[in-house]
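# Geometric and topological summary
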Amino acid sequence: MSTTRLAALSLVLLAVGIALVVAAGGPPRLLGAVLALVGLAGLITLALRLIEHLGSRGD
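Let us look at the structure shown here. Predicted model only: the values in this text are computed from it and were never measured. (Residues numbered from 1 in each chain as written. Predicted model: local features only at pLDDT ≥ 70, side-chain atom pairs only at ≥ 80, totals over all residues. Heavy atoms only, no water.)

### Some details on the side chain of Ser 10
- Tracing the sequence through the fold places Ser 10 in helix H1 (residues 3–23).
- Under the relative-accessibility criterion, Ser 10 is labelled buried at 3%.
- Setting aside anything within four residues of it in sequence, one finds Ser 10 in contact with Gly 39, Gly 42 and Leu 43. (Helix = DSSP H or I, 4+ residues; strand = E, 2+ residues; numbered from the N terminus. Buried < 20%, exposed > 50% of the residue type's maximum accessible area, 1.4 Å probe, protein only. Contact = heavy atoms within 4.5 Å.)

As structure tokens, this is what we get:
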């Protein structure tokens, strides 16, 4: 997956997840928490890719 698509998907999942957690109760709140965690994992993946890319530039 391209970096741009991963960034967009991660941000959307994080935003939708947070919105569900804040606005909903019951099972949708759990779904929102899962979506937010998946979005956060995507952003962490992007950060690790960036660190790897910046580190390889010095070689």
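### Things to note about helix H2 (residues 27–57)
- In a regular helix each residue adds 1.5 Å, so 31 residues correspond to 45 Å; H2 covers 46 Å between its end C-alpha atoms and thus fits that length.
- Along H2, the residues that are buried comprise Gly 32, Leu 35, Ala 36, Gly 39, Gly 42 and Leu 46.
- Turning to H2, the residues buried within the fold contact H1. (Expected span 1.5 Å × (residues − 1).)

### Overview of H1
- Taking 1.5 Å per residue as the helical rise, H1 with its 21 residues ought to reach 30 Å, and the 30 Å between its terminal C-alpha atoms agrees with that figure.
- Within H1 the residues assigned to the buried category are Leu 6, Ser 10, Leu 14 and Gly 17. On an axial view of H1, the arc spanned by its buried residues comes to 70 degrees, and they lie on one face. Residues Thr 4, Arg 5, Val 22 and Ala 23 are exposed on H1 and point more than 90 degrees away from its buried face.
- Where H1 is buried, its residues contact H2. (Arc of directions from axis to C-beta.)

Read these as spatial facts, not as claims about activity.
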